[in-house]
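# Summary of the model geometry
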Amino acid sequence: MNVNTKSLYRSLLTLGLSLLVTAHVFAQDHLDIQISGVGASQIPVTIAGFANEAAVPRKVTDIIKADLARTGLFRLVGTDAVLPESASIDYTKWKANGADALVVGSVEKTADGKVDVRYRLFDLGRASQLSALSMVAPAQMTRVTAHKIADDIYEKLTGIKGMFSTRIAYVVRAGNEYRLEIADSDGEGRQVALRSKEPIISPSWSPDGTRVAYVSFEAKKPVVYVQNLVTRQRTVVANYKGNNSAPSWSPDGSRLAVALSRNGYTQIYIVNATGGGLQQLTNTRSINTEPQFSADGRWIYFTSDRSGGPQIYRTSVNGGDAQRVTFAGNYNISPRVSPDGKSLAYISRRNGGFQLYLMDLENGQEQRLSDTSRDESPSFSPNGQFVMYATGAGRRGVISVVSVDGRVKQRLTMKAADVREPSWGPFMK
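Now for a description of the structure that goes with this document.

Basis of the calculations
Residues numbered from 1 in each chain as written. Predicted model: local features only at pLDDT ≥ 70, side-chain atom pairs only at ≥ 80, totals over all residues. Heavy atoms only, no water. 1 Å grid on protein atoms, 1.4 Å probe; cavity = no way out; pocket = protein on both sides within 12 Å on 5 of 7 lines; lining within 4 Å. Points joined across faces, edges and corners; volume = space filled by probe spheres on them. Helix = DSSP H or I, 4+ residues; strand = E, 2+ residues; numbered from the N terminus. Nonpolar A, V, L, I, M, F, W, Y, C, P; charged D, E, K, R; others polar. Buried < 20%, exposed > 50% of the residue type's maximum accessible area, 1.4 Å probe, protein only. Pairing = 2+ DSSP bridges. Axes fitted to C-alpha atoms, helices over the stretch in contact; angles between N-to-C directions. Parallel < 35°, antiparallel > 145°, perpendicular 65-115°, else oblique. Left-handed = near helix turned anticlockwise from the far one by under 90°. Contact = heavy atoms within 4.5 Å. Arc of directions from axis to C-beta. Phe/Tyr/Trp six-rings, centres within 6.5 Å; stacked < 30°, edge-to-face > 60°. Salt bridge = Lys/Arg side-chain N within 4 Å of Asp/Glu carboxyl O.

This part covers the layout of surface pockets. Size it by volume and the largest pocket reaches roughly 1000 Å³. Considering the residues around the largest pocket, the lining is formed by 43 residues, among which Ser204, Trp205, Ser248, Gln292 and Ser379 are closest to the centre. Every element with two or more residues in the lining of the largest pocket is listed here: α1 (3-13), β10 (200-205), β14 (244-249), β18 (288-293), β22 (332-337), β26 (376-380) and β30 (418-427). Of all the elements, β30 adds the most residues to the lining of the largest pocket, at 7 residues. Looking at the lining of the largest pocket, its residues break down into 24 nonpolar, 16 polar and 3 charged. Looking at the second largest pocket, its volume works out to about 580 Å³. Sorting the residues of the lining of the second largest pocket by element identifies α4 (142-158), β8 (177-184), β9 (191-196), β12 (223-228) and β30 as the ones contributing at least two each. The class makeup of the residues in the lining of the second largest pocket is 11 nonpolar, 7 polar and 6 charged.

This is the structure:
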């Protein structure tokens, strides 16, 4: 491996760590969300107060409103009215208030201490009911229930599946400690999955949301682990000679694509999610790293410097010749394929900055999504409508979210802490 190749590999492997700074994190720290921009058109919605919301610690309607507002696709038409799920609807009255849709609901405690949340959604223009749900869950799962209602509203009004009842993973550096944290998609409900004095990078969700693969340097070298989020059991998946990095799950959750330098040059491999069964896909005198399965599991997208500088390629999961995917710009890395397989998010270096781009894989057209210059680690929302990524804000790392049309932007920050390596997980069951 020549000096330039070593330098390139180090830059790719440590992407996401270069901007980390020392900070102190306090127990009350949480992810704050700032929203800017709106969709090309907004749907006016009235969300009436749910009956008996005092039965739960936080109002269900507050969570639903916050979920819908941060998409930029809805305009919330306010009301102080409380309307139970069983209420009779005066369509003319509510339409006159300027809304196209109305949400009503009720919260009840069951005999065994659980919470029964019921809701209905109405199309005011057509004077008809669009949806109704009743969900019974433990009280501590009320936030998840509210997210699922928001998902249902989003889907019924846009025709696209929502993404609120999902989770995110990210890495926080606080002083000399690194933490792999899990949170709801709105940054609430934070839990620490792993603490370490050594760097943690590249978290990747299993398709069923029960496991996270990541790279830890606790062995003084990069090693790929899979951690069960329920039992907290960890499995070493790749600890070969050299560097083990960049895990990515197959769509069925049985395998991982990884980048290994076990034979000198960094190459793409596939390994069983429990370890073993190693299969080499690339074999070149160049760096091949950052593998990502396509949504249908047929292809592996990856970064390679085989053309002189880092570009994105793809190869069959069975190996064979690789096809170059990116051609604009001389430095393109970190490929992420959309859930429908039609788009590719990646980081491109243009004019000295690293920015998030989106490519239409059918016609090759690309669009810059970010207005920042230190972007890294893109990750699609499960419905493919948003891309989450890390970027720099002053001397700190923050998480940003942008809609795939570039119109709506969110920023998730943690007071006095550095946040990196975001990964958007699947829907919660």
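Moving on, we come to the pairing of strand β16 (residues 267-272). Counting buried positions along β16 gives 5 out of 6 residues, so the element sits mostly inside the fold. Taken together, the 6 bridges between strand β15 (residues 255-260) and β16 define a ladder with antiparallel strand orientation. Along β16, the bridge assignment pairs Arg255 with Asn272. Connecting β15 to the next strand, β16, in antiparallel fashion are 6 residues, including Gly264 with a positive phi near 110 degrees. Here β16 folds back onto strand β17 (residues 279-280), and the loop between the two strands holds 6 residues, one of which, Gly275, carries a positive phi near 95 degrees.

For the rest of this paragraph, the subject is empty space enclosed by the protein. The tally for this structure, following the rule as stated, stands at 1 cavity of 30 Å³ or more. Taken as a whole, the largest cavity spans an internal volume of roughly 60 Å³. Its residues assigned to classes, the lining of the largest cavity comprises 6 nonpolar, 2 polar and 1 charged.

This part covers the packing of helix α2 (residues 60-69) against α4. The interhelical angle for the contact between α2 and α4, taken along N-to-C directions, is 45 degrees, at an axis separation of 9 Å. Taken together, the axis directions place α2 and α4 in an arrangement best described as oblique. Between α2 and α4 lies a crossing whose hand is right-handed. Where α2 abuts α4, its residues Val60, Ile63, Ile64, Asp67 and Leu68 lie against Thr142, Arg143, Ala146, His147, Ile149, Ala150 and Ile153. Its residues assigned to classes, the contact of α2 with α4 shows 8 nonpolar, 2 polar and 2 charged.

Moving on, we come to α2. Within α2, the full set of buried residues consists of Val60, Thr61, Ile63, Ile64, Asp67 and Leu68. The buried residues of α2 all sit within an arc of 160 degrees when viewed along its axis, so they share a single face. Tucked inside the fold, the buried residues of α2 contact β2 (43-47), β3 (74-76), β4 (101-109), β5 (115-123) and α4.

Let us now look at the packing of aromatic side chains. Tallied over the full model, the rule gives 7 aromatic pairs. Summarising the aromatic geometry, the rings of Tyr154 and Phe164 are spaced 5.8 Å apart at their centres and angled 80 degrees between planes, so their arrangement reads as edge-to-face. Separated by 10 residues along the polypeptide, Tyr154 in helix α4 and Phe164 in the loop between α4 and β7 (166-174) bring together distant segments of the chain. Residue class for Tyr154 comes out buried when judged on its relative accessible area of 1%.

Further remarks concern the sheet that holds β15. Within the open sheet, the 4 strands sit side by side as β14-β15-β16-β17. Their pairing is antiparallel. Each having just a single partner strand, β14 and β17 make up the two edges of the open sheet.

Turning to the sheet that holds strand β25 (residues 366-368), a few remarks are in order. Reading across the sheet, the 4 strands line up as β22-β23-β24-β25 and stay open at both edges, with antiparallel pairing between neighbours. Two strands close off the open sheet at either side, each with one partner strand: β22 and β25. Taken pair by pair, the neighbouring strands of this sheet meet at an average axis angle of 30 degrees, ignoring direction. Where strand β24 (residues 353-360) meets β25, 3 bridges bridge the pair, whose relative direction is antiparallel. Counterpart to Tyr357 in the pairing with β25 is Arg368.

Quick look at the environment of Ala55 now. Relative to the elements of secondary structure, Ala55 occurs in the loop between β2 and α2. Spatially, the C-alpha atom of Ala55 lies 36 Å from that of Gln233, the residues being 178 residues apart in sequence. Those residues in contact with Ala55, other than ones at most four positions away along the chain, are Val107 and Lys109.

In this section: the environment of Asn330. In this structure, Asn330 sits in the loop between β21 (323-324) and β22. Residue Asn330 is classed as exposed on the basis of its relative accessible area, which comes to 53%. Among residues more than four places away in sequence, those in contact with Asn330 are Gly309, Pro310, Gln311 and Arg349.

A separate point is the pattern of salt bridges. Counted according to the given criterion, the structure contains 17 salt bridges. Here Arg118 and Asp116 are joined by a salt bridge, their closest N and O atoms 3.0 Å apart. Judged by its relative accessible area of 7%, Asp116 falls in the buried class. The shortest N-O distance in the salt bridge between Glu218 and Arg234 comes to 2.6 Å. You can see Glu218 sitting in the loop between β11 (211-216) and β12 and its partner Arg234 sitting in strand β13 (residues 234-238), a full 16 residues away along the chain. Residue Glu218 is classed as partly exposed on the basis of its relative accessible area, which comes to 31%. A network of salt bridges, in which partner residues are shared, links Glu177, Arg179, Glu181, Arg190 and Arg195.

Bear in mind that shape data such as this cannot, by itself, settle questions of function.
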